[in-house]
Each structure stands twice: as structure tokens, then as C-alpha cells.
Amino acid sequence: MQVLQGIAVSPGIAIGEALVVDTEGFILPQHRIAHSEVDAELARLDLAMEAVADDIGRDRESVAEQLGDEYAAIFSAHQQMMCDPHLRTRLEALIRENLCPPEVAVAKTLRGYARKFQQMDNAYLAERAHDLRDLEQRLLDYLMARQRPSLSKLTDPAIILAHDLTPSQTAKLDRHKVLGFVTEAGGEGGHTAILAKGLEIPAVVGVGQMLVNVVCGSHLIVDGDQGTVIIKPDAATLSSYQEKCEQHRSRSLRLQQLRDLPCETRDGTRIQLLANIEFPQEVPTCIERGAGGIGLYRTEFLYLGSDTEPTEETHYQAYREVLQAMQQRPVVIRTLDLGADKMGYASLVADEHNPFLGLRSIRLSLRNLDLFRTQLRAILRASPFGSARIMFPLVTTLLELRQAKLLLRETMEDLQDEGHSIPTDIPIGMMVEVPAAVMMIDHFLREVDFVSIGTNDLTQYTLAVDRSNKEVADLYHACDPAVIKLIDMTLKAARAANIPANVCGQMSGTPHLALLLLGLGLRGFSVPPAAIPEIKRICRSVTLDQCETVAAHVLEMESAREVDNYLQEQLRQLAPQTNT
Ligand code: PEP
Ligand code: MG
């Protein structure tokens, strides 16, 4: 049994078999081969080994020509490894005796060797681990004919293990087959983590190097509550986790009973509880959980889930589906928040050193007016089918807001000229997720109908911490006093201007932080659908007085850790969980 610790990003427990997607995006086969297939599989392995040896030979010659024999010697070492009879014998044993497909035999053997080299004190030998990894990739390239199967078409339920999953890979995961996922890279605020929550797949990210230690089919437990991954659990651990799964199930059944009760505090103040979605398919779950509407529809996933650029019709169909299904409940459609961090099939942006400070979001839309207009046309055309609101992301300057509103007005006029009847009173709002917007909030509030605080980005930009970088994940805290002060400023200003404000960042769906937000005066939460029942339970357990006292204490604190510990304790006291 081996226990790894990472960052818990999507709650729940998954128990199942590992499906390893290696760093190059391959999925290794899950099955065992039949006895009758052994000879054919060995022949396939030999062909791949010969082809790789030829490739290495060609690389060696070319490097020798360009850089000299000294550099070409690296490839001689690769060739020696490839032709080493021990390697062939070991691979044959795994295929013949354990009935492993050659891909698995190669991955298992070369990763095992790489691990041993890495553990050596000798720096030169430790470096050889890279060479082994390179050989493994080359062999897999041939064995798998360079095909990278799709994660959306798995045959059996599995837990995905990968170095990293891009948001677009995550978007395509088959939620019925993927029991959970674990990545070596990634951080709490990254979009992969947000998607995992949206898809309600237990997930742990940022566990560091692990792929060398796991092969396909290994038994695993993913504890998305604690951020723990247990490889090959022993019987006692397995049974204690099976029990936890049962507790999860009965807890969610209990919470379901709150569905039709109003979301209000114990002293009767109504709280608006909305849902964040990435796909129209999430709407039935939102309704089932009792969402009062959609507070954030992240439309960029229309781009990320597809291999081609969506047309106006594709946008229109998606928005219409959500608006109709929500039946006059508010639906906040956020315009594209695409950026280098979320780009899937095609980048509209050249290389950027700092994608989060680059051409993303509203900046990208204002630079690509055709793309922006296409989306605005679709939203406006769909708007008669429900109660649509439009929200612009990452607004930093008043000029950006004014340009976006101008384009919206022009698009509306174009559609009216074409004979479409479009409601003219669609509320227009903006995300407050950059400290500059908070500093200028009084001005912004004169020009919008509502604001929504994006604490994921607000935290990143306030603390100068990349939200998806595991190396600095320990510095990323939405409950840092600096972030809390900015939220407080925004809520106070919005109240004074009588403009509705909500929080749609992950913070509002985090139970102990929700307690603080209530105390700071927040009356509108937009949370992942899975978090709705728990946030409702908390609202119904507390009075505003209690929350205001908590918030007053927090505003005096000096560190994120102090705030976090205090709020966890207050949550235990004010809204204790029952296990029955
Ligand atoms: C945020 O930044 O808090 C937010 C809700 O937007 P996203 O996570 O999509 O950037
Ligand atoms: Mg954001």
C-alpha cells in the first residue's frame, strides 16, 4: 500500500482500477491478452523494437554530423539499452507469463528501471532515468501506432491517472465511466479542478511524481475530501473507505430532503442560491438540487469540448437549451473567458510567457470582434426563451466595459434591423475578479446592472499566485485577509449603490467560507451544483447576527491560516454535521 498526498479539488470517494494516461497522452490497454495471442504480440513487440533501434541509429548519425561524436554517444547508449538481451527477456516474460499486452510490459519494465536509476545517489546514473523514459515513449509510439485514444470513450469504469489533464481533456471525460482522477500537476483554482467539481468526479491534483509507480489495473482509492490517493490499499483501508462511501451516499440523501425548502437563514433572510455550469447537460442536476437559477454559465467550454470553432447556431442552441430548461429563472451567460490557460484545439494567441496576464477573456474578445459578435448575436437571439443576463469577465478598466457594452448595443441593433425581436432590458453585469476593478468599483457600479465576484481570479491576482500551479498551491488562499478586504469593499460599495452582487468563485461553495461571506453581507451565492445542498443547509443553520460576529472577528485577522482555522471551528459550532 502506498499513500500519496495532493490537493483535494472535488469531493467524494472513488474506488477502482487505475487507467494510466502517460505524459504523452497515451492510454495503456486495460485488458490481458489471450494465450493464443502471445506469439503475435511478441512479433509486434519485436517489430517495434527494431523500428525504434533504426530510429535511434538515424538520430545518432544526424547528431554526429551536426554536433560531433561526443553528443551522438547519448544515442549509442540508447541503442545499447534497446538491444540489451535482458530487456527483451524481461518483456517476453511479462507477455508470456503474465499475459500483459506489450504496451503494458514496456511501460512497466522501463518505468521500473527508471525508478531504480532515479533513486541512485550517483547523479550521472540518476539522469539515465530520462533516457529510459525516452525509450519507453518511442516504443509506445510504435506499439500504439501513435494513436491517442479518446478519454470520452472508455470501455470500463476507471480512475484516470495523468501527469496533467488540460481543461479540454477534462471537459471530454465520460462522467459515467470515469470514477475519479488524479494528476501529478495542477492546483486548487485551476480550470481542471473546477471542471472536476462540475462533473462531480472525485479528484486530487498536484500529487507530484506518481506515474512511474503505477500500472494500469492497479487498485486505487481517491479521497477527494482529504486529497489522498491510496495505491493498492490493504483490506482494512479498503473496508474503511467502503464505509465512508456509504456515509457519503446517506448524507447526500439527507441533504436532498432540503431541496424544496427555501434558502434562508434561521432568522428568515432570503439568500439567493444559484449554480455555476460549464455545459447545458448540467441543467437537470441544477434543477434537481433546487438551484434558483444559473449564476455563472462558463460558455468557453463550448470551445473546449469541441474540435472546431462553434458557429453562431451552436452557441444559440446551447444558450436556448439552458434558458428554456431554467424556465424564467435567471441565467447569467458569461461571455468567453478564453485564454492561453484554457485553450484547447487552437490558440488564438501566440506564445505568451504569462498567459494569466496575457490576452485572455474580455481582452481576447475585444481583439477578435467577429468571434465576440458571433457569441453576442447568439445570446441575444436566445434571450426571448428565458430570463437571460449577460456578464463580461475579467473587466479591468472602464474602457473595456464601455467597449463591450457598445458592441452589444450595435449587435442588438443589427439583429433588430434583421427583424429579430430582442428584449431590450437584458441586465448587463461584470465579473469583479481583478483588484483594479475593486479599486474602481464605485465607477463600475454606475454602468452595470449587477456584479459577480470571481474569487478564483481575484485571489490569483491579489496574491500574485498562479491558480493552477502546484509549486505555489500552498500560497493560494481565498481566505487571505487581503482578498477578504477586497470582497468586503466590493460588497459594501454594491450595497450602497443598490446594485445586486454575488460571489461565483469556488469560495462561495466552500462551507466555512460561505459562513464568512454571509457575515460580510453577501446575499447571492453561485456555486457548483454539487455544493447547493450543503450551502443551503449552512444558510438554514445560522442567523445573520452569528455570521456578522464571525465576519467582524475575521476582518481583524492577519493570516489565511488564522482565518481558515477560525472559520472551520465556527462552522463546526454553528452548523454541525450529523452522521445519522
Ligand atoms: C473566478 O475567477 O472566480 C470565476 C468564477 O471565473 P473562472 O473560475 O471561470 O475564471
Ligand atoms: Mg475568473
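These figures come from a predicted structure and were not determined experimentally. (Residues numbered from 1 in each chain as written. Chains lettered and ligands numbered in written order. Predicted model: local features only at pLDDT ≥ 70, side-chain atom pairs only at ≥ 80, totals over all residues. Heavy atoms only, no water.)

*Asks:* Is there a simple way to think about the coordination of the magnesium ion (ligand 2) in this case?
*Replies:* By definition of the ideal shapes, a tetrahedral metal site with four donors has angles of 109.5 degrees and an octahedral site with six donors has angles of 90 or 180 degrees. The coordination sphere of the magnesium ion (ligand 2) contains the protein donors Glu 433 (OE) and Asp 457 (OD), at a distance range of 2.0 to 2.1 Å. Here Asp 457 lies in helix α17 (residues 455-463) and Glu 433 lies in the loop between β13 (428-432) and α15 (435-439), a separation of 24 residues in the sequence. For the pair shown, Glu 433 and Asp 457 are each scored as buried. (Donors = N, O, S within 2.8 Å, 3.2 Å for Na, K, Ca; no water. Helix = DSSP H or I, 4+ residues; strand = E, 2+ residues; numbered from the N terminus. Buried < 20%, exposed > 50% of the residue type's maximum accessible area, 1.4 Å probe, protein only.)

*Asks:* When you look at the site of ligand 1 in this model, what are you seeing that I'm missing?
*Replies:* Among the 16 residues in the neighbourhood of ligand 1, the closest are listed as Arg 298, Arg 334, Gly 454, Asn 456 and Arg 467. Residue Arg 334 places a side-chain N or O atom 2.8 Å away from an oxygen atom belonging to ligand 1. Backbone polar atom of Gly 454 to an oxygen atom of ligand 1: 3.4 Å apart, as the coordinates give it. Surface burial for ligand 1 is 100%, taken as the share of its 290 Å² of free accessible area covered by protein chains. For the shell around ligand 1, the secondary structure elements donating two or more residues are α7 (191-199), β10 (294-298) and α17. Partitioned by chemical class, the residues of the shell around ligand 1 number 4 nonpolar, 5 polar and 7 charged. (Near = heavy atom within 4 Å. Polar contact = N/O pair within 3.5 Å; in protein donor to acceptor, adjacent residues only side chain to side chain. Areas by Shrake-Rupley, 256 points an atom, 1.4 Å probe, with all protein chains shown as cover. Nonpolar A, V, L, I, M, F, W, Y, C, P; charged D, E, K, R; others polar.)

*Asks:* Explanation requested: the sheet that holds strand β3 (residues 13-21) in the structure shown.
*Replies:* Within a beta sheet, neighbouring strands are joined by backbone hydrogen bonds and run either parallel or antiparallel to one another. One open sheet holds the 8 strands; their spatial order is β1-β8-β7-β3-β4-β5-β6-β2, and the pairing between them is mixed. The sheet is open, and its two borders are formed by β1 (2-5) and β2 (7-10), each paired with just one other strand. Taking the axes of each pair of neighbouring strands and ignoring which way they run, one obtains an average angle of 30° across the sheet. Bridge analysis of β1 against strand β8 (residues 228-231) gives 4 bridges, and the strand direction is antiparallel. Bridge pairing links Leu 4 to Val 229 in β8. (Pairing = 2+ DSSP bridges. Axes fitted to C-alpha atoms, helices over the stretch in contact; angles between N-to-C directions.)

*Asks:* How should I be thinking about the domain arrangement of the protein in this particular structure?
*Replies:* Accessible area lost upon the coming together of the parts is a frequently used measure of interface size. Each assigned domain of the protein is listed here: domain 1 (2-24 + 149-250), domain 2 (35-143) and domain 3 (260-574). Summed over both partners, the interface of domain 1 with domain 2 comes to about 770 Å²; 48% of that surface belongs to carbon and sulfur atoms. Joining domain 1 to domain 2, the criterion identifies 0 salt bridges. In the side of domain 1 that touches domain 2, the residues fall into 5 nonpolar, 3 polar and 2 charged. (Domains from an automatic or database assignment. Buried area = accessible area lost by both parts, 1.4 Å probe. Salt bridge = Lys/Arg side-chain N within 4 Å of Asp/Glu carboxyl O.)

*Asks:* Explain the packing of helix α3 (residues 85-98) against helix α4 (residues 102-118) to me, please; I cannot follow it from the model alone.
*Replies:* When two helices pack together, their arrangement is given by the angle between their axes and by how far apart the axes lie. The geometry of α3 relative to α4 is characterised by a closest axis approach of 9 Å and an angle of 130° between their N-to-C directions. Taken together, the axes of α3 and α4 lie oblique to each other. Considering the relative orientation of α3 and α4, their crossing is right-handed. Facing His 86, Leu 87, Arg 90, Leu 91, Leu 94 and Ile 95 of α3, the residues of α4 in contact are Pro 102, Ala 105, Val 106, Lys 108, Thr 109, Leu 110 and Tyr 113. (Parallel < 35°, antiparallel > 145°, perpendicular 65-115°, else oblique. Left-handed = near helix turned anticlockwise from the far one by under 90°. Contact = heavy atoms within 4.5 Å.)

*Asks:* Where do I start with helix α13 (residues 369-382) in this structure?
*Replies:* Since the α-helix packs 3.6 residues into each turn, any two residues three or four apart lie on the same face. Under the 1.5 Å per step criterion, the end-to-end length of α13 is 20 Å for 14 residues, consistent within 8% with the ideal 20 Å. Across the 14 residues that make up α13, a large majority, 10, are buried. Buried within α13 we find Leu 371, Phe 372, Gln 375, Leu 376, Arg 377, Ala 378, Ile 379, Leu 380, Arg 381 and Ala 382. Structurally, α13 contributes buried residues whose contacts are with α10 (301-304), α11 (312-326), β11 (330-334), α12 (361-367), β12 (387-392) and α14 (398-417). (Expected span 1.5 Å × (residues − 1).)

*Asks:* Looking at this structure, how should I read a negative patch on the surface?
*Replies:* A grouping of Glu 410, Glu 413, Asp 414 and Asp 417 is seen on the molecular surface, where their side chains present a negatively charged patch. Tracing the backbone through its elements, the reader meets Asp 417 in helix α14. Here Asp 417 falls in the exposed class, since its relative accessible area comes to 68%. (Patch = residues over 30% accessible without salt bridge, like charges linked within 9 Å, V, L, I, M, F, W, Y side chains within 5 Å. Lys, Arg positive; Asp, Glu negative; His and termini not counted. Charge placed at Lys NZ, Arg CZ, Asp CG, Glu CD.)

*Asks:* Please clarify how helix α20 (residues 532-541) should be interpreted in this entry.
*Replies:* Among the 10 residues of α20, 9 are classified as buried, and the element is accordingly described as predominantly covered. For α20, the set of buried residues is Ile 532, Pro 533, Glu 534, Ile 535, Lys 536, Arg 537, Ile 538, Cys 539 and Ser 541. Buried residues along α20 sit against α8 (235-256), β9 (272-277), α19 (511-519), β16 (524-527), α21 (544-554) and α22 (560-574).

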